[in-house]
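Chains, contacts and geometry: an overview
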Amino acid sequence: MITSKLKEALICFRAGRVTLRYPFEPSVPPEGFRGQPQLDITKCLGCGACSMACPTRCIEVTNEAEQRRMEYCFDRCSYCGECAEACPEGGITMSSEFELATDSVTDLRTVAYLDLVRCESCGEVVGTAREIDKLAQELATKMNVAADSMPWLRWCARCKRESSLATAQVLQPAEAHL
Ligand code: SF4
Ligand code: SF4
C-alpha cells in the first residue's frame, strides 16, 4: 500500500506542473477562440442584419425621431459569432477577450446613433443615411451617373411604386398612339 502511494507521488513529481498559472500569468486563447464581439461603429450602416441574426437578442434596433438607435447588450452574448457572420461591412469581429467580469452591466453595453433618412414624399423611414449614401455610390459607379442624380433613393417603397404607376398612366396614351 505504502509502496503504491510512494510510486504515485514519484510519478506526480516526475510529471512536473501540468496546470496553467492563470490568473498569475496570462492565458492565451487558442486560434479560432470566440470571445467578446467587437463593434467598429465607423463601419456600421445600421442595417440591422446583426440584430436579426442574434439568437439571444443582444442587439436592439429602434428608430427614434431622426436617428436609429443601436444598443449592443453583450452581457447577454453567447459568443456564437452569428452577428459577425451576418454583418456585410465587417463591422463586428469576434475578439479573443474573455475576462469580462464586471460589477456594472453598462460596461458590456454600447449604444450608437445613426442618422435616419425619411421619405421626402410621405416621411416614412427609408433607412439610415449611411445605407442610402452607400447605395447611391454603388449605383452611381455601375450606371456611370452622379450619386446625387437619384432622388428616388430617398423615397419609401410605397411612394416609389405610386410614382411609377403615375408615370406609366401618363405614358399609356402616347404608347397607344404609336
Ligand atoms: S456573438 Fe452571438 S449572441 Fe453574441 S451578439 Fe453576436 S449573434 Fe448575439
Ligand atoms: S450588420 Fe453590421 S452594418 Fe448592419 S447594423 Fe449590424 S454592425 Fe451595423
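Our subject is the structure that appears above.
Here the structure is a predicted model, which means the values were calculated and not measured.

Calculation notes
Here the residue numbering is sequential within each chain, running from 1 through the sequence in written order. Lettering of chains starts at A and numbering of ligands starts at 1, both following the order in which they are written. The model is predicted, so local features are restricted to residues of pLDDT at least 70 and side-chain atom pairs to those at 80 or more, both for listing and for counting; the totals for chains, interfaces and linings are taken over all residues. Secondary structure counts use DSSP, requiring at least four H or I residues in a row for a helix and at least two E residues in a row for a strand, with both numbered from the N terminus. Computation of the radius of gyration draws on C-alpha atoms, with the globule rule given as 2.2 Å multiplied by the number of residues to the power 0.38. Here exposure depends only on C-beta density: within 10 Å of a residue's C-beta, 20 or more other C-beta atoms make it buried, 12 or fewer make it exposed, and intermediate numbers make it partly exposed, the C-beta atoms being placed from the backbone. Once C-beta atoms have been placed from the backbone, residue pairs whose C-beta atoms lie within 7 Å are recorded as contacts. Nearness here is judged by the C-beta atom: place it from the backbone, and if it falls within 6 Å of a molecule or strand, the residue counts as near that partner. Only Asp, Glu, Lys and Arg are considered charged in this grouping, and only Ala, Val, Leu, Ile, Met, Phe, Trp, Tyr, Cys and Pro are considered nonpolar; every other residue, Gly among them, is considered polar. Here a strand pair is declared whenever DSSP counts at least two bridges between the two strands. In this description, a line fitted to the C-alpha atoms serves as the axis of each element, helices being fitted only across the stretch in contact, and the angle between N-to-C directions of two axes falls anywhere from 0 to 180 degrees. Throughout this description, the term nonpolar core refers to a group of buried Ala, Val, Leu, Ile, Met, Phe, Trp, Tyr and Cys residues whose C-beta atoms join them within 7 Å. In this analysis, the expected span of each helix is defined as 1.5 Å times one less than the number of residues it contains.

**Here we look at the overall build of the chain**
Along the chain, the regular secondary structure elements total five helices and six strands. Each helix (α) and strand (β) of the chain, taken in turn from the N terminus, gives the series α-β-α-β-β-α-β-β-β-α-α. In terms of C-alpha radius of gyration, the chain reaches 28 Å, well past the compact-globule figure of 16 Å for 178 residues. The proportion of buried residues among the 178 residues of the chain is 14%. For the chain, the proportion of contacts with a sequence separation of at least 24, taken over those separated by at least 6, is 64%.

**Observations regarding the site of ligand 1**
The local shell around ligand 1 holds 14 residues, among which C54, C58, C77, C80 and C83 are the closest. The residue makeup of the shell around ligand 1, split by class, is 10 nonpolar, three polar and one charged.

**Some remarks on the sheet that holds strand β6 (residues 125–128)**
With respect to topology, four strands assemble into an open sheet ordered β2-β3-β5-β6, the strand pairing being antiparallel. In this open sheet, the two edge strands, each paired with only one partner strand, are β2 (59–63) and β6. Across this sheet, the average inter-strand angle for adjacent strands is 30 degrees, counted without regard to direction. Inspection of the sheet shows strand β3 (residues 67–73) paired to strand β5 (residues 109–118) by seven bridges, in the antiparallel sense. Note on β5: the bridge partner recorded for R69 is Y113. Along the sheet, helix α4 (residues 129–143) contacts β5 and β6; its crossing angle with β6, the most-contacted strand, is approximately 80 degrees.

**Quick notes on the site of ligand 2**
Taken together, the residues surrounding ligand 2 are C44, L45, G46, C47, G48, A49, C50, A86, C87, E89, G91 and I92. Tallied by class, residues from the shell around ligand 2 come to eight nonpolar, three polar and one charged.

**Some words on the nonpolar core**
C50, I59 and C83 are the most contacted members of the largest nonpolar core, which has 15 residues in total. Elements with a minimum of two residues in this core: α2 (49–53) and β3. In contact with C50, not counting residues within four places along its chain, are I59, C83, A86, C87 and I92.

**Digging into α4**
In this model, α4 (15 residues) spans 21 Å end to end at C-alpha, consistent with the 21 Å of a helix rising 1.5 Å per residue. Just past α4, the residue N144 takes up positive phi, approximately 55 degrees.

**Regarding the pairing of β6**
Sheet topology places β5 next to β6; three bridges connect them, and they run antiparallel. Within β6, the position partnered with L116 by the bridge is T128. Here β5 hands over to β6 after six residues, with G123 in that stretch at a positive phi of 90 degrees.

**Concerning the environment of C83**
Along the chain, C83 falls in helix α3 (residues 82–86). Through-space distance from the C-alpha of C83 to that of A53 is 5.8 Å; in sequence the pair is 30 residues apart. The residues touching C83, leaving out its near neighbours within four places in the chain, are P37, C50, A53, C54, I59 and I92.

**Focus: unusual backbone geometry**
In most cases, non-glycine residues show a negative phi, while peptide bonds are predominantly trans. Of the consecutive residues Y22 and P23, the connecting peptide bond is found in the cis state with omega at 10 degrees. Looking at the secondary structure, you find P23 in the loop between α1 (2–15) and β1 (37–39). Positioned with a positive phi, R57 is a non-glycine residue whose angle comes to about 55 degrees. Within the secondary structure, R57 is located in the loop between α2 and β2.

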